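Breakdown of the fold
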Amino acid sequence: MRLLTHNMLSSNIKGVANGFPLKIEAGKVMEKQVEMNLDFLKNIFSKIEWKPFVEAAKTLGYSELPEDVDPSLLDSQQFLSNFHHALLEIHLEEGALVCPETGRKFPVSKGIPNMLLHEDEV
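This section reports on the structure supplied with the text. (Residues numbered from 1 in each chain as written. Predicted model: local features only at pLDDT ≥ 70, side-chain atom pairs only at ≥ 80, totals over all residues. Heavy atoms only, no water.)

1. Thoughts on the side chain of Arg104
Mapped onto the secondary structure, Arg104 falls in the loop between strand S2 (90-98) and strand S3 (105-109). The exposure class of Arg104 is buried, given its relative accessible area of 14%. Side-chain polar atoms of Arg104 contact the backbone oxygen of Leu116, separated by 3.1 Å. Engagement of the side chain of Arg104 in a polar contact is seen with the side chain of Glu121, the distance being 2.8 Å. (Helix = DSSP H or I, 4+ residues; strand = E, 2+ residues; numbered from the N terminus. Buried < 20%, exposed > 50% of the residue type's maximum accessible area, 1.4 Å probe, protein only. Polar contact = N/O pair within 3.5 Å; in protein donor to acceptor, adjacent residues only side chain to side chain.)

Structure representation (structure tokens):
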């Protein structure tokens, strides 16, 4: 699971008011090379919840992202390279995503998060 995916997921358990961001419990983390697409990075930048993204990257062992950002950083090749790496090349292969409100763990297996709810959570 890429951090791009993590940044878009939230817990939809019945009664949960604050299901974002999901905490990450990393078991196995991998890096997979992906060709950089500058247009994609510049377009997705405004859609990323930055603070949770940085925290997720740190959880997976990557600390090369600034704590605060503004669109002017999109002119920096170094920033774009670091953003690309964290967003698309770092993968959570095994582990869990944890609801910040209930503590419910959603397993991640072979890079795929299982966000299915139990019957009593719908």
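The discussion continues.
2. Comments concerning the packing of helix H3 (residues 50-59) against helix H4 (residues 77-89)
It is the contact of H3 with H4, at a shortest axis distance of 10 Å, that shows an interaxial angle of 70°. When the interaxial angle is binned, H3 and H4 end up roughly perpendicular. In this structure, H3 uses Trp50, Phe53 and Ala57 to contact H4, whose residues at the interface are Phe79, Phe83, Ala86 and Leu87. (Axes fitted to C-alpha atoms, helices over the stretch in contact; angles between N-to-C directions. Parallel < 35°, antiparallel > 145°, perpendicular 65-115°, else oblique. Contact = heavy atoms within 4.5 Å.)

3. Observations regarding unusual backbone geometry
A negative phi holds for most residues other than glycine; trans holds for most peptide bonds. Backbone torsion omega between Phe20 and Pro21 reads 0°, so that peptide bond is classified as cis. Relative to the helices and strands, Pro21 is located in the loop between helix H1 (3-8) and strand S1 (23-31).

4. Thoughts on the pairing of S3
Only one face of S3 is covered, namely the face carrying Phe106 and Val108; the face carrying Lys105, Pro107 and Ser109 is uncovered. Bridge count between S2 and S3: 4 bridges; the pairing is antiparallel. Within S3, the position partnered with Gly95 by the bridge is Val108. Where S2 folds back on S3, the antiparallel hairpin that results is connected by 6 residues, among which Gly103 adopts a positive phi of roughly 80°. Where S3 and strand S4 (residues 112-113) come together, 2 bridges link them in antiparallel fashion. From the neighbouring strand, Ser109 faces S4, where its bridge partner is Ile112. Between S3 and S4, which pair antiparallel and follow one another directly, the connecting turn spans 2 residues, one of which, Lys110, has a positive phi of 55°. (Pairing = 2+ DSSP bridges.)

5. Brief notes about the packing of aromatic side chains
Summed over the entire model, instances satisfying the criterion amount to 8 aromatic pairs. Seen from their ring centres, Trp50 and Phe79 are 5.8 Å apart, and the 40° between their planes marks the pair as tilted. Of this pair, Trp50 sits in helix H3 while Phe79 is found in helix H4, placing the two residues 29 residues apart along the sequence. You can call Trp50 buried: its relative accessible area is 9%. The interplanar angle of 15° and the centroid separation of 5.7 Å between the aromatic rings of Phe79 and Phe83 together place this pair among those described as stacked. With Phe79 and Phe83 both in helix H4 and 4 residues apart, the pair spans about one turn of that helix. Assessed through its relative accessible area of 6%, Phe79 is described here as buried. Residue Phe83 is classed as buried on the basis of its relative accessible area, which comes to 0%. Through successive ring pairs, a cluster of aromatic residues spans Phe45, Trp50, Phe53, Phe79 and Phe83. (Phe/Tyr/Trp six-rings, centres within 6.5 Å; stacked < 30°, edge-to-face > 60°.)

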